[in-house]
Amino acid sequence: MDFGKLPSIEKVDFTLPIDHTATLPLLNKAKNEAHIPQVYIGCPVWSTKEWVGKWYPLTAKEKDYLHYYSRQFNTIELNTTHYRIPDQATIQRWYETSEPGFKFCPKWPQQISHEALLMNTESAIQAFGENITSLNEKLGVSFLQLPPHFSPQQANILEHFIKTFTPKVPLAIEFRHPDWFKSNPEVEETFAMLQENHVGTVLSDVAGRRDVLHMHLTTPTAMIRFVGNGLHPTDYERIDSWVLRIKSWFEQGLHTLYFFVHEPDPNTLAPELAVYLTKQLEKHCQMDVKGPSPLPQVIQGSLF
């Protein structure tokens, strides 16, 4: 993910912001609802050839990558849907290839979010909604990434979209325009509207845009997009901070966590950080968390 990428992170303050004032009341209310806490950890891709031999078997063929990926992770940040609406045959193949309990979190098509800016896209919205709901119980939370120029002044367009899209599709919104992270009545009304309509928010933790880490939850499901820096020591320090915050959220009433690990292209190192995240969550939250495990390495014998 190039968004928020910096040539140097030397001067970046990676301290997690405090929670928005509306987050704790939301979680406390959700705490009274019967639920079993769920944790989903994944990456933004499954077709990483560099994982063959370490995370995928040496014999793995490209057509089988999703199968092996779903045995290591229990969710995917499905970015391919941002570029085209998948057909039913593709959806069926994804469903049949992935393991039971796996969750797909599809990104809304750019023709809806970026090209049309959510306007006059009813047919595309219907096509996308109908197709991804064919994932059935494997459909996680879809996320709509708004373009950087989509500001609070267009809040009425977002509200119209939310009130007319397919309600069977769980949804979270990723804001990027800086004005969404300033406290004013228009912004607060929009976030309240999201909460009222059971629409979540995406929290992006990236070096060059600390403002997008707004810590304002509008549903008891947290979706976090974490962008590391090549397993720099700060990657692990940031994960430590996140684990403590997540522990607090679960204690306060969080129902579900989606945590997607990004590392610099081609995400080769993402599983290593996911392993660390999994172990820390298990340690501090006393939860059984599914995460990747490196495959046994074959050591060649020697004649000498």
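A few points on the structure. (Residues numbered from 1 in each chain as written. Predicted model: local features only at pLDDT ≥ 70, side-chain atom pairs only at ≥ 80, totals over all residues. Heavy atoms only, no water.)

Bringing the packing of aromatic side chains into the picture now. Counted under the stated rule, the structure contains 22 aromatic pairs. Both rings, one in Phe175 and one in Trp180, keep their centres 4.4 Å apart while their planes meet at 40 degrees; by these two values the pair is tilted. In textbook terms, an aromatic cluster arises when at least three aromatic residues are bridged by ring pairs, as seen for Trp46, Trp51, Tyr56, Tyr65, Tyr68, Tyr69, Phe73, Trp94, Phe102 and Phe104. Positioned over the ring face of Phe3 is Arg176, at 3.7 Å from the centre of the ring. (Phe/Tyr/Trp six-rings, centres within 6.5 Å; stacked < 30°, edge-to-face > 60°. Lys NZ or Arg CZ within 6 Å of the ring centre and 35° of its normal.)

Turning to the packing of helix H8 (residues 233-252) against helix H9 (residues 270-285), a few remarks are in order. Direction vectors running N to C along H8 and H9 enclose 35 degrees, while the axes themselves pass 10 Å from each other. Both H8 and H9 take part in a crossing whose hand is right-handed. Here Asp235, Tyr236, Ile239, Asp240, Val243, Leu244, Ile246 and Lys247 of H8 come into contact with H9, specifically with Leu273, Tyr276, Leu277, Gln280, Leu281, His284 and Cys285. Per-class residue counts for the contact of H8 with H9 are 10 nonpolar, two polar and three charged. (Axes fitted to C-alpha atoms, helices over the stretch in contact; angles between N-to-C directions. Helix = DSSP H or I, 4+ residues; strand = E, 2+ residues; numbered from the N terminus. Left-handed = near helix turned anticlockwise from the far one by under 90°. Contact = heavy atoms within 4.5 Å. Nonpolar A, V, L, I, M, F, W, Y, C, P; charged D, E, K, R; others polar.)

Turning our attention to the environment of Thr234. With respect to the helices and strands, the residue Thr234 is situated in helix H8. The exposure class assigned to Thr234 is buried, which follows from its relative accessible area of 15%. Taking the C-alpha atoms as reference points, Thr234 and Val52, 182 residues apart in sequence, are found 27 Å from one another. Discounting chain neighbours no more than four positions away, the residues touching Thr234 are Ile9 and Phe14. (Buried < 20%, exposed > 50% of the residue type's maximum accessible area, 1.4 Å probe, protein only.)

What follows covers the sheet that holds strand E2 (residues 75-78). Sheet architecture is open: eight strands sit in the order E3-E2-E1-E8-E7-E6-E5-E4, paired in parallel fashion. The open sheet has two edge strands with one neighbour each: strand E3 (103-106) and strand E4 (142-145). The mean inter-strand angle of the sheet, taken between neighbouring strand axes irrespective of direction, is 25 degrees. Summarising the sheet, strand E1 (residues 38-43) and E2 pair through two bridges and their orientation is parallel. When the bridges of E2 are listed, Gly42 appears paired with Thr75. (Pairing = 2+ DSSP bridges.)

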